Amino acid sequence: MTLNLCVLTPNRIVWDSEVKEIILSTNSGQIGILPNHAPIATAVDIGILRICLNDQWITMALMGGFARIGNNEITILVNDAEKGSDIDPQEAQQTLEIAEANLSKAEGKRQTIEANLALRRARTRVEAITMI
């Protein structure tokens, strides 16, 4: 038995196919979803989506959103998403270094919050690559 997974951003469909299992980063921690999972709706955190497809694990960097699970269908609506295999390692590492520098230079509450979010996004992209 499989799950139908659909990952959507405002601009495109990132993933739309059947999978065996997923591990999703939510605001309250990671959850594993197998076929016949109880129906839920949850907030999706900035983090890694792990997808089991043909006994291989694929990673995807998700940038926050919402997920709905029910009737072996998973719909994930996120601000942005990238497959780990599509991320350029050098560019991701450079972005991480810039985000770390921006956080150390941040002045005031707003700049600090924005720099922390940028750092979380950059770390997630690097993590998606290193888990492949």
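Residues numbered from 1 in each chain as written. Predicted model: local features only at pLDDT ≥ 70, side-chain atom pairs only at ≥ 80, totals over all residues. Heavy atoms only, no water.

**Thoughts on the UniProt feature "domain: ATP synthase epsilon subunit C-terminal" (unreviewed entry) in the protein chain**
Put simply, the rule is: UniProt positions are given in the numbering used here, feature names are shortened, and annotations may be inferred rather than shown by experiment. Helix numbers and strand numbers start at the N terminus; a helix is a DSSP run of H or I with at least 4 residues, a strand a run of E with at least 2.
In the numbering used here, UniProt assigns the "domain: ATP synthase epsilon subunit C-terminal" (unreviewed entry) feature to residues 86-129. With 89% helix and 0% strand, residues 86-129 has its two end C-alpha atoms placed 9 Å apart.

**A closer look at helix H1 (residues 89-105)**
Going by this rule: Working rule for helices: expected span equals 1.5 Å times residues minus one. Buried, partly exposed and exposed residues are distinguished by accessible area as a fraction of the type maximum, computed with a 1.4 Å probe on protein chains only: under 20%, between the cut-offs, and over 50%, respectively. Directions are taken from the helix axis to each C-beta atom, and the arc is the one they span. The contact criterion used throughout is that any non-hydrogen atoms of two residues lie within 4.5 Å. Counting of polar contacts relies on pairs of N or O atoms within 3.5 Å, with two restrictions inside protein: one atom must be capable of donating a hydrogen and the other of accepting it, and residues adjacent in sequence are counted only when both atoms are side-chain atoms.
With 17 residues, H1 should cover 24 Å at 1.5 Å per step; its first-to-last C-alpha distance of 25 Å lies within 8% of that length. Every buried residue of H1 is listed here: Ala92, Leu96 and Ala99. Down the axis of H1, the sector holding all buried residues measures 65 degrees, keeping them to one side. In this structure, H1 carries Gln90, Ser104 and Lys105 as exposed residues pointing more than 90 degrees from its buried face. Each element contacted by the buried residues of H1 is listed here: helix H2 (108-130). Where H1 begins, the capping side chain belongs to aspartate 88, and its oxygen is found 3.3 Å from the backbone nitrogen of glutamine 90.

**Looking at the nonpolar core**
Among soluble globular proteins, nonpolar side chains are generally buried collectively. For the record, the criterion: Only buried Ala, Val, Leu, Ile, Met, Phe, Trp, Tyr and Cys residues count toward a nonpolar core, and they belong to the same one when joined by side-chain atoms within 4.5 Å.
Formed by 20 residues in total, the largest nonpolar core has its most connected members in Leu5, Val7, Ile22, Leu49, Met60, Leu62 and Ile76. Within the residue set of this core, elements represented by two or more residues are strand S1 (3-8), strand S2 (13-19), strand S3 (21-26), strand S5 (40-53), strand S6 (56-70) and strand S7 (73-78). Residues in contact with leucine 49, not counting those within four places in the same chain, are Leu5, Val7, Ile22, Ile23, Leu24, Ile58, Thr59, Met60, Leu62 and Ile76. In terms of nonpolar packing, the next biggest core, distinct from the first, is built from 13 residues, Ile48, Ala99, Ala122 and Ala128 among them.

**Points about the domain arrangement of the protein chain**
Our working rule: Throughout the structure description, domain borders are defined by an automatic or database domain assignment. Buried area is calculated as the accessible area (1.4 Å probe) missing from two parts once they are joined, with the contributions of both summed. A pair is scored as a salt bridge if a Lys or Arg side-chain nitrogen falls within 4 Å of a carboxyl oxygen belonging to Asp or Glu.
Per the domain assignment, the segments making up the protein chain are domain 1 (3-84) and domain 2 (87-130). Computed over C-alpha atoms only, the centres of domain 1 and domain 2 are separated by 23 Å. Counting residues at the interface gives 12 residues for domain 1 and 9 residues for domain 2. Summed over both sides, the interface of domain 1 with domain 2 buries roughly 870 Å², with 59% coming from carbon and sulfur. Inspection of the domain 1/domain 2 interface yields 3 salt bridges. The partner of aspartate 45 in a salt bridge is arginine 120, with the nearest N and O atoms 2.7 Å apart. Linking domain 1 with domain 2 are 5 residue pairs in polar contact (both at pLDDT 80 or more), by the criterion used here. Among the secondary structure elements, those contributing two or more residues to the side of domain 1 that touches domain 2 are S5, S6 and strand S8 (81-83). Examining the composition of the side of domain 1 that touches domain 2, we find that 5 residues originate from one element, S5, more than from any other.

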